[in-house]
Amino acid sequence: MAQDEVYSSTTMPEPNAGCCRVPSEYLDKVRFAVKLLEVLLSMMAFILEEVVSVCNYCTALDFFELASCTSFLFTALLLILLSTKLHDKVGIECWSKMDFVYTLIMALLFLIASIVFAARNNDSRLEKSAVAFGFLATLAFAFDLFLFWKTYGLPFSRGARPPPGNYVDNIDDGDEVRPSDVEAPAETDKFNTDAGTAE
């Protein structure tokens, strides 16, 4: 019983012990909401495209299906990885660069697929709705890119603000250095110093 009192008074709960870590070092609350919106819009575009029963221009429909399905699945995976502790268990260290490049590719892919599908369809309500969700998803991806740029700058430019957990540029010689590779300053022992001497 005395042992419980000792441990209960000094043990502090870990604040980020839960499964979901938002905001995290790679994803703040606003970008989390935008990524969630990307997943939902991509899913709606994919579902509406799958319900189309007649297709005269199947190539445009198939390309739109590829873009919407890829976007839905991989954005959901990226959202899960970045908002949980799972990204620590994967061997990727440049999450911010990967997130930026992926979002840029998905925005361009969805834009091209939506334009092609808008130009070559049967003018049914389902197809028009799928195209509308495709363009909305494109806007969500573009807005996500804007938020990333506003927060961190471009990840490949020299003057970009480094995202947390990424490599830090060494200003002197241009080499990339991990934060763990930088030597910490030596600590001074202040336990056995005289009270009258000041450092």
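As shown above, the structure is provided for reference.
Just so we're clear, the structure is a prediction, and the values are computed from it rather than from any experiment.

What counts and how
Residues numbered from 1 in each chain as written. Predicted model: local features only at pLDDT ≥ 70, side-chain atom pairs only at ≥ 80, totals over all residues. Heavy atoms only, no water. Helix = DSSP H or I, 4+ residues; strand = E, 2+ residues; numbered from the N terminus. Contact = heavy atoms within 4.5 Å. Areas by Shrake-Rupley, 256 points an atom, 1.4 Å probe, with all protein chains shown as cover. Axes fitted to C-alpha atoms, helices over the stretch in contact; angles between N-to-C directions. Parallel < 35°, antiparallel > 145°, perpendicular 65-115°, else oblique. Left-handed = near helix turned anticlockwise from the far one by under 90°. Nonpolar A, V, L, I, M, F, W, Y, C, P; charged D, E, K, R; others polar. Expected span 1.5 Å × (residues − 1). Buried < 20%, exposed > 50% of the residue type's maximum accessible area, 1.4 Å probe, protein only. Disulfide = S-S within 2.5 Å. Phe/Tyr/Trp six-rings, centres within 6.5 Å; stacked < 30°, edge-to-face > 60°.

Peer 1: Explanation requested: the overall build of the protein chain in the structure shown.
Peer 2: From N to C terminus, the protein chain includes six helices and two strands. Helices and strands appear in the protein chain in the N-to-C order α-α-α-α-α-α-β-β. Partitioning the contacts of the protein chain with sequence separation of at least 6, the portion at a separation of at least 24 is 70%. Summed over its atoms, the accessible surface of the protein chain is roughly 13000 Å², and 63% of this surface lies on carbon and sulfur atoms.

Peer 1: Sorry if this is basic, but what is going on with the packing of helix α2 (residues 29-51) against helix α6 (residues 125-152) here?
Peer 2: A pair of packed helices is captured by two measures, namely the crossing angle of their axes and the spacing between those axes. One way to put it is that α2 packs onto α6 with a least axis distance of 8 Å and a crossing angle of 160°. Classified by the angle between their axes, α2 and α6 sit roughly antiparallel to one another. For the element pair α2 and α6, the recorded crossing hand is left-handed. The class makeup of the residues in the contact of α2 with α6 is 18 nonpolar, three polar and five charged.

Peer 1: Please explain α2 as it appears in this structure.
Peer 2: Residues spaced three or four apart along an α-helix point in a common direction, a consequence of the helix completing one turn every 3.6 residues. The end-to-end C-alpha distance of α2 is 33 Å, a good match for the 33 Å that 23 residues give at a rise of 1.5 Å each. Among the residues of α2, Arg31, Val34, Lys35, Glu38, Val39, Leu41, Ser42, Ala45, Phe46, Leu48 and Glu49 are the ones counted as buried. As for α2, its buried residues are in contact with α3 (58-83), α5 (95-119) and α6.

Peer 1: Explain the state of the cysteines to me, please; I cannot follow it from the model alone.
Peer 2: Disulfides are covalent bonds that link the sulfur atoms of two cysteine residues. What the rule picks out here adds up to one disulfide. Note on cysteine connectivity: Cys55 is disulfide-linked to Cys58, with sulfurs 1.7 Å apart. Negative torsions about the S-S bond denote left-handed disulfides, and the value of about 90° found for Cys55 with Cys58 makes this one right-handed. Take Cys55: its relative accessible area is 25%, and that puts it in the partly exposed class. Residue classification places Cys58 among the partly exposed residues on the basis of a relative accessible area of 34%.

Peer 1: Hey, could you run me through the side chain of Arg31 in this one?
Peer 2: One can find Arg31 in helix α2. Judged by its relative accessible area of 3%, Arg31 is buried. Among residues more than four places away in sequence, those in contact with Arg31 are Tyr26, Asp99, Asp144, Leu147 and Phe148.

Peer 1: It is not clear to me how unusual backbone geometry should be interpreted in this structure. Could you clarify?
Peer 2: Trans peptide bonds make up the majority, and among non-glycine residues the majority have a negative phi. Even without glycine at this site, Asp123 takes up a positive phi of about 60°. Turning to its location among the elements, Asp123 is positioned in the loop between α5 and α6. Overall, the relative accessible area of 54% leaves Asp123 in the exposed class.

Peer 1: Where do I start with the packing of aromatic side chains in this structure?
Peer 2: Describing an aromatic ring pair means giving the distance of the ring centres and the angle of the ring planes. Tallying each qualifying case throughout the model produces six aromatic pairs. With 6.4 Å between their ring centres and 35° between their planes, Phe110 and Phe141 make a pair best called tilted. Here the residue Phe110 occupies a position in helix α5, and Phe141 occupies one in helix α6, the gap between them amounting to 31 residues. Phe141 shares its class with Phe110; the two are buried. Summarising the aromatic geometry, the rings of Phe146 and Trp149 are spaced 5.9 Å apart at their centres and angled 40° between planes, so their arrangement reads as tilted. Pair noted here: Phe146 and Trp149 are both in helix α6, with a separation of three residues, about one helical turn. Owing to a relative accessible area of 38%, Phe146 belongs among the partly exposed residues under this scheme. Taking the relative accessible area as the measure of exposure, Trp149 reaches 45% and is therefore partly exposed.

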